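Inside the fold
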Amino acid sequence: MTETATGLEFSRQLSSNRKTEEQRAEVLADPGFGNHFTDHTAVVDYTAGPDGHGSWHDARIEPYGPIPLDPAASVLHYGQEIFEGMKAYKHDDGSVWTFRAESNATRMNRSARRLALPQLPEETFLESLRQLVEVDKDWIPTGEGDSLYLRPYMFATEAFLGVRPSREVSYRVIASPAGNYFGGELKPVSIWLSRNYARAGRGGTGNAKCGGNYAASLAPQMEAEEHGCKQVLFLDPFNDDAVEELGGMNVFFVFKDGRLVTPALSGTILEGVTRSSVIQLGKDRGLDVQERKITIDEWEDGVKSGEITEVFACGTAAVITPIGELKTENGDIGSPDAKPGEVTMSLREQLLGIQTGKAEDPHGWLTRLA
Ligand SMILES: *Cc1c(COP(=O)(O)O)cnc(C)c1O
């Protein structure tokens, strides 16, 4: 039992069905992304009364396994769900750290507000990560760039078909050993420009991290795959085709003259923790970082004229990934054979260095979990 600042204690029911050491070693040798899960899960339940006031209770670590859920649970009908994603790294001395998890806690509560889900005390969020990592720390792979991906999520469990916020909610965390997101060596990716679909609209849920946004991105992603691309770029067609972001990553443009440009947060873009970190690291190294509108025409012209020298995507899962080309219905921008850019790779190395404890952490971004 552990006291947290909010008074919530996590009880612990350990799994009697843990994977064997050999099974675990096999997974950790080649974890991939999101395929394997650890032996436990963290859970906290929420119950509200008809007056809307409620409380979190029954914080616990329990064996990983199926979730009992009523067939009428409102998440299954109206999609009231949000999630977060961050990584825990095992440093050379065996200690375990996560990167800017406080930002994820804050963002989850922002998403919760938009999806009419309850606020989770940030201390409970952080404690759930500590508790889960403590029981499952043998699952953290230690190969180059490897980590334990942590997935907190919150969803509506009340059995009720009327349309209103659920009075019963479950918060959970699962953990998954993670290797390189795109697999193999770091090669610039090809991105498909979606003209038939938008990711988000004004006043919608684009700046909330909710499952519904991802469900809506699957049809465009299938379109991308038909064109040999793994990811989709979304524009704002009502704003001069301003570049927004990929389905799950923010984008940056490196200019020849030292400018580093990323689309300004407009309410339809998800504010990535990696995005904020790249902005800070860019400023630290004297780049002229600009958060502003950048249109697809500026991208095309910039690449043609040589003013834009590198484009990259960033997010927790893939960290920083160079974009080689943007494929569109009327011609391609860039080249599939582009080499990863210098600024892209240097920012990537620095960010990974901070996360893995190999580079200085000047902004105090690491939080110790175990
Ligand atoms: C999670 C996410 C990102 C990246 O955010 P990070 O905090 O950097 O992982 C970017 N765009 C969307 C739509 C996302 O859901």
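Cut-offs used in this document
Residues numbered from 1 in each chain as written. Predicted model: local features only at pLDDT ≥ 70, side-chain atom pairs only at ≥ 80, totals over all residues. Heavy atoms only, no water. Near = heavy atom within 4 Å. Polar contact = N/O pair within 3.5 Å; in protein donor to acceptor, adjacent residues only side chain to side chain. Areas by Shrake-Rupley, 256 points an atom, 1.4 Å probe, with all protein chains shown as cover. Nonpolar A, V, L, I, M, F, W, Y, C, P; charged D, E, K, R; others polar. Core = buried A, V, L, I, M, F, W, Y, C linked by side-chain atoms within 4.5 Å. Buried < 20%, exposed > 50% of the residue type's maximum accessible area, 1.4 Å probe, protein only. Helix = DSSP H or I, 4+ residues; strand = E, 2+ residues; numbered from the N terminus. Contact = heavy atoms within 4.5 Å. Arc of directions from axis to C-beta. pLDDT = per-residue confidence, 0-100. Pairing = 2+ DSSP bridges.

In the neighbourhood of the ligand, 15 residues make up the surrounding shell, with Lys209, Tyr214, Glu245, Thr274 and Thr316 lying closest. Between the ligand and methionine 249, the relevant distance is 3.5 Å, taken from a nitrogen atom to a main-chain nitrogen or oxygen of the residue. When the ligand is considered free in solution it has 380 Å² of accessible area, and contact with the protein chains removes 97% of it. Here the residues of the shell around the ligand sort into four nonpolar, seven polar and four charged.

Membership of the largest hydrophobic core comes to 40 residues, with the highest contact counts inside it found for Trp56, Phe125, Leu129, Leu150, Met154 and Tyr171. The leading source of residues in this core is helix H4 (residues 122-135), at six residues. Counting 22 residues, the second largest nonpolar core, distinct from the first, contains Val243, Phe253, Ala318 and Leu326.

Mapped onto the elements of the fold, glutamate 62 is located in strand S3 (residues 54-63). Residue glutamate 62 is classed as buried on the basis of its relative accessible area, which comes to 18%. Side-chain polar atoms of glutamate 62 contact the side chain of arginine 60, separated by 2.9 Å. Dropping the residues within four chain positions of it, glutamate 62 is found in contact with Gln13, Asp39, His40, Thr41, Val43 and Arg172.

This part takes up the side chain of glutamine 80. Among the secondary structure elements, glutamine 80 is positioned in the loop between helix H2 (75-78) and strand S4 (81-83). Separated by 2.8 Å, the side chain of glutamine 80 and the backbone oxygen of alanine 116 make a polar contact. Here serine 166 takes part through its backbone nitrogen, which lies 3.3 Å from a polar atom of the side chain of glutamine 80. Beyond its immediate chain neighbours, meaning those up to four positions away, glutamine 80 contacts Ser74, Val75, Leu115, Ala116, Leu117, Met154, Phe155, Ala156, Pro165 and Ser166.

Leaving glycine out, the prevailing phi sign among residues is negative, and the prevailing peptide bond configuration is trans. Not every positive phi belongs to a glycine, and aspartate 58 is a case in point at roughly 55°. Assignment of secondary structure puts aspartate 58 in strand S3. Judged by its relative accessible area of 48%, aspartate 58 falls in the partly exposed class. Even without being glycine, arginine 100 reaches a positive phi, approximately 55°. Inspection of the secondary structure assignment puts arginine 100 in the loop between strand S6 (96-99) and helix H3 (101-114).

Next up on the list: helix H7 (residues 296-305). Within H7, burial applies to Ile296, Trp299 and Gly302. Projected onto a plane normal to the axis of H7, the buried residues spread over an arc of 130° and lie on a single side.

The subject of this paragraph is the confidence of the model for the protein. In this model, the protein carries a mean pLDDT of 95, and residues with pLDDT of at least 70 account for 97%. Confidence over residues 1-5 falls short of pLDDT 50; this stretch has 13 contacts with residues more than four positions distant or in other chains.

Moving on: the pairing of strand S11 (residues 242-246). Judged by how many residues are buried, S11 sits mostly within the fold: five of five residues are covered. Pairing of strand S10 (residues 231-236) with S11 involves four bridges; the strand directions are antiparallel. Within the sheet, the bridge partner assigned to phenylalanine 234 lies in S11 and is glutamate 245. In this antiparallel pair of consecutive strands, S10 and S11, the connection spans five residues, and aspartate 240 shows a positive phi of 55°.

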